[in-house]
Amino acid sequence: MDILLGILAIVVGAAVCLAGLRLFVLLLPVWGFVVGFLGGAALVTALAGDGFLSTTLGIVVGIVLGIAGAILSYLFWYVGVILAAGSAGSLLGATLFAAIGVKSTWALFIIGVIIAALFILAAFIIQLPIYLVIVNTALAGATVVVGGLLLIFNKVDRADIGTTAAWQQIHHHWLLWLLWAVIAAIGIGSQLTAVEQATLPDERWGRLPQSV
């Protein structure tokens, strides 16, 4: 099962990394659901101290917030940009502090929320939503690819999916850092070639036109 999940993670991660902008434009509700689901499940994990998605409550809360994220992303396309920025900030913040020795799940969750809020604020201020999407999806996709490889080679457990386990492995092995950086760079380069094909509208708080 771990091998199948690892392969699936690699495929999905590669798609997000290499074509995140187009996928973002075409699958906004899916993106909103995924971010909302992972955020809700992570919240329950932080509060209850259980493994990620190891309880019915975590799954239910994840589904509820996932549906909310999907609806909001469908009605207001820029919500998807905000969710992407927030999820990237949360992952980065929790990872950095885990790397310097913070082990409390609750503390890492709070840190992730704070950094996510800063990234969301930046998303409001910066007038370049396309490049926010490109960078966020390339970095996230690269992390999922590396996480999938680690799962295949039994370096992380299924219970660690959605946590900072993959990032902690990357932090401790410079080859994984290099692999992650190369994959992310390739993803950013690939997506930059498609910028002209996915021009986002100036009006942020509305549905994304189907012609985009």
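Description of the structure in this document. (Residues numbered from 1 in each chain as written. Predicted model: local features only at pLDDT ≥ 70, side-chain atom pairs only at ≥ 80, totals over all residues. Heavy atoms only, no water.)

1. Some words on the overall build of the protein
Then comes step 1: For the protein, the count of helices and strands is eight helices and zero strands.
Then comes step 2: Taking all 212 residues of the protein together, the buried fraction comes to 40%.
Then comes step 3: Once local pairs closer than 6 in sequence are excluded, the contacts in the protein between residues at least 24 apart make up 75%.
Then comes step 4: For the protein, the computed accessible surface area is about 11100 Å², with 75% contributed by carbon and sulfur atoms. (Helix = DSSP H or I, 4+ residues; strand = E, 2+ residues; numbered from the N terminus. Buried < 20%, exposed > 50% of the residue type's maximum accessible area, 1.4 Å probe, protein only. Contact = heavy atoms within 4.5 Å. Areas by Shrake-Rupley, 256 points an atom, 1.4 Å probe, with all protein chains shown as cover.)

2. Comments concerning the packing of aromatic side chains
Then comes step 1: Overall, the coordinates contain two aromatic pairs when judged by the stated rule.
Then comes step 2: With a centroid separation of 5.9 Å and an interplanar angle of 15 degrees, the aromatic rings of Phe33 and Phe37 are classed as stacked. With Phe33 and Phe37 both in helix H2 (residues 28-48) and four residues apart, the pair spans about one turn of that helix.
Then comes step 3: For the ring pair Trp177 and Trp180, a centre distance of 5.7 Å and an interplane angle of 85 degrees mean the geometry is edge-to-face. A residue pair is termed a helical-turn pair when its members lie 3 or 4 positions apart in one helix, as Trp177 and Trp180 do in helix H8 (residues 174-192) at three residues. (Phe/Tyr/Trp six-rings, centres within 6.5 Å; stacked < 30°, edge-to-face > 60°.)

3. Observations concerning helix H3 (residues 56-75)
Then comes step 1: Helix length check: H3, at 20 residues, gives a terminal C-alpha distance of 29 Å against a target of 28 Å (1.5 Å per residue), a fit within 8%.
Then comes step 2: Residues of H3 that are buried: Gly58, Gly62, Gly66, Gly69, Ala70 and Ser73. Take H3 and look down its axis: the buried residues cluster within an arc of 100 degrees, on one side only. Across from the buried face of H3, at angles greater than 90 degrees, the exposed residues are Thr56 and Leu57. (Expected span 1.5 Å × (residues − 1). Arc of directions from axis to C-beta.)

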